[in-house]
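A structural walkthrough
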Amino acid sequence: MDLCIVDHPLVAHKITTLRDVETDSPTFRRLTEELVTLLAYEATREIRVAPVTVQTPVAPATGVRLARPRPLVVPILRAGLGMLEGMTRLMPTAEVGFLGMVRNEETLAASTYAERLPEDLSGRQCFVLDPMLATGGTLAAAVRYLVLRGASQITCICLLAAPEGIERVSALLDDLDTPCTLVTAAVDERLNERGYIVPGLGDAGDRLYGVV
Ligand SMILES: O=P(O)(O)OC[C@H]1O[C@H](OP(=O)(O)OP(=O)(O)O)[C@H](O)[C@@H]1O
Ligand SMILES: O=c1cc[nH]c(=O)[nH]1
Ligand SMILES: [Mg+2]
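The residue count restarts for each chain, going from 1 along the sequence in the order it is written. Each chain takes a letter, starting from A, and each ligand takes a number, starting from 1, following the order in which they are written. A pLDDT threshold of at least 70 governs which residues receive local features in this predicted model, and a stricter bar of 80 or more applies before side-chain atom pairs are shown or counted, although totals over entire chains, interfaces and linings include all residues. The side-chain numbers reported here are obtained from all heavy atoms of the structure, hydrogens and water having been left aside.

The name that an unreviewed UniProt entry assigns to the protein is Uracil phosphoribosyltransferase, with the source organism given as Microlunatus phosphovorus. In UniProt, the protein has this text filed under Catalytic activity (unreviewed entry): "UMP + diphosphate = 5-phospho-alpha-D-ribose 1-diphosphate + uracil". UniProt positions are given in the numbering used here, feature names are shortened, and annotations may be inferred rather than shown by experiment. Taken from UniProt, the Pathway (unreviewed entry) comment for the protein reads in full: "Pyrimidine metabolism; UMP biosynthesis via salvage pathway; UMP from uracil: step 1/1."

Below, the structure written as structure tokens:
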């Protein structure tokens, strides 16, 4: 898996506020959307386009449009849902599929409780959205679903990642031929004994949806 850490002062500023325990849910949601849009700028650098000519009021102009088949955006519920709007604002013609996954907080194993993806993803570029890459179990399983359906390229956008999780996802996906990239705003220090990212931002789903 290729790794892209987006090094930008505006991203760093927003991530710092997102981490702050004093940041309330409405602000957390807004910052999450803004961060996704900024990360998506890097994450879509290799999005496929096709040549097109348009007529300006003055003359014909050659340019590009997003190519077919359309890209697929896959938020991992629950926390990934907070990233959807920020992504589709930039790419309104993308199709959206859903994965509902939850980590058992005792065993840290990920399980899937909902799946609504197109049957055939042959030739499709896919963008997986999840704010947190901790042990990596969730993200590795999500990528496998897409690869099994034929996705040709996968880009994962995570706000924060743990070094242990990046290692684990890379190892778990080592056998795949499908190109896979992780775009993140920061790689934090480590995981704690409960599988939380340190310093991280706590439980992203709870903070997005006002549980804490
Ligand atoms: O890398 P991992 O160790 O697998 O952990 C990361 C996962 O944990 C969080 O979701 P959670 O299971 O809390 O579900 P939620 O989005 O419903 O809160 C997060 O959004 C990731 O999906
Ligand atoms: O730090 C973490 C780890 C898993 N899930 C979260 O929401 N935060
Ligand atoms: Mg959670």
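Having put the structure on the table, let's press on.
What to know about the nonpolar core
Counting residues in hydrophobic clusters, the biggest one holds 35 residues, and the most contacted among them are Ile-15, Leu-18, Leu-39, Val-73, Met-87, Ile-157 and Leu-159. Elements are defined by DSSP. Helices are runs of H or I of four residues or more, strands are runs of E of two residues or more, and each kind is numbered from the N terminus. Those elements giving two or more residues to this core turn out to be helix H1 (9–19), helix H2 (25–43), helix H3 (84–90), strand E8 (125–129), strand E10 (153–161), strand E11 (180–187) and helix H6 (204–208). If you tally residues by element for this core, the top one is H2, at seven residues. If sequence neighbours within four positions are ignored, Leu-159 has contacts with Ile-15, Leu-18, Thr-32, Leu-35, Val-36, Leu-39, Met-83, Asp-130, Pro-131, Thr-184, Ala-185 and Ala-186. Working definition of a nonpolar core: buried Ala, Val, Leu, Ile, Met, Phe, Trp, Tyr and Cys residues. They are joined through side-chain atoms within 4.5 Å. For each residue, the accessible area found with a 1.4 Å probe, counting protein chains only, is set against the maximum for its type, and the residue is called buried under 20%, exposed over 50%, and partly exposed in between. Within the second largest apolar cluster, 27 residues are counted, among which are Leu-117, Leu-121, Val-143 and Leu-176. Whether two residues touch is decided by their heavy atoms; if any such pair falls within 4.5 Å, the residues are in contact.

Concerning the packing of helix H4 (residues 137–148) against helix H5 (residues 163–172)
At a minimum axis separation of 9 Å, H4 and H5 run at an interaxial angle of 30°. By the angle between their axes, H4 is roughly parallel relative to H5. The crossing of H4 and H5 is right-handed. Of H5, the residues touching H4 (which contributes Gly-137, Leu-139, Ala-140 and Arg-144) are Arg-168, Val-169 and Leu-172. Side-chain classes are defined by residue name, with Ala, Val, Leu, Ile, Met, Phe, Trp, Tyr, Cys and Pro counting as nonpolar, Asp, Glu, Lys and Arg as charged, and the others, Gly among them, as polar. Grouping the amino acids of the contact of H4 with H5 by side-chain chemistry returns four nonpolar, one polar and two charged. Between N-to-C directions, angles span 0 to 180 degrees; the directions come from axes that are lines fitted to C-alpha atoms, helices contributing only their stretch in contact. An angle below 35 degrees is treated as roughly parallel, one above 145 as roughly antiparallel, one from 65 to 115 as roughly perpendicular, and anything else as oblique. For a crossing to be left-handed, the near helix must be turned anticlockwise from the far one by less than a right angle; the clockwise case is right-handed.

Description of the UniProt feature "binding site: 5-phospho-alpha-D-ribose 1-diphosphate" (unreviewed entry) in the protein
UniProt's feature table lists "binding site: 5-phospho-alpha-D-ribose 1-diphosphate" (unreviewed entry) at Arg-78, Arg-103, Asp-130, Pro-131, Met-132, Leu-133, Ala-134, Thr-135, Gly-136, Gly-137, Thr-138 and Asp-203, given in the numbering used throughout. Tracing the backbone through its elements, the reader meets Asp-130 in the loop between E8 and strand E9 (132–133). The exposure class of Asp-130 is buried, given its relative accessible area of 9%. Filtering out sequence-adjacent residues up to four positions away, Gly-137 remains in contact with Ala-110 and Arg-168.

Details of the UniProt feature "binding site: uracil" (unreviewed entry) in the protein
The positions that UniProt labels "binding site: uracil" (unreviewed entry) are, in the present scheme, Ile-197, Gly-202, Asp-203 and Ala-204. Among the structural elements, Gly-202 can be located in the loop between strand E13 (197–198) and H6. Note on Gly-202: relative accessible area 34%, which makes it partly exposed. Excluding its chain neighbours within four sequence positions, the residues that come into contact with Gly-202 are Met-132 and Tyr-196. With a relative accessible area of 4%, Ala-204 lands in the buried category. Apart from the residues within four sequence positions on either side, Ala-204 is in contact with Phe-28, Ala-79, Pro-131 and Met-132.

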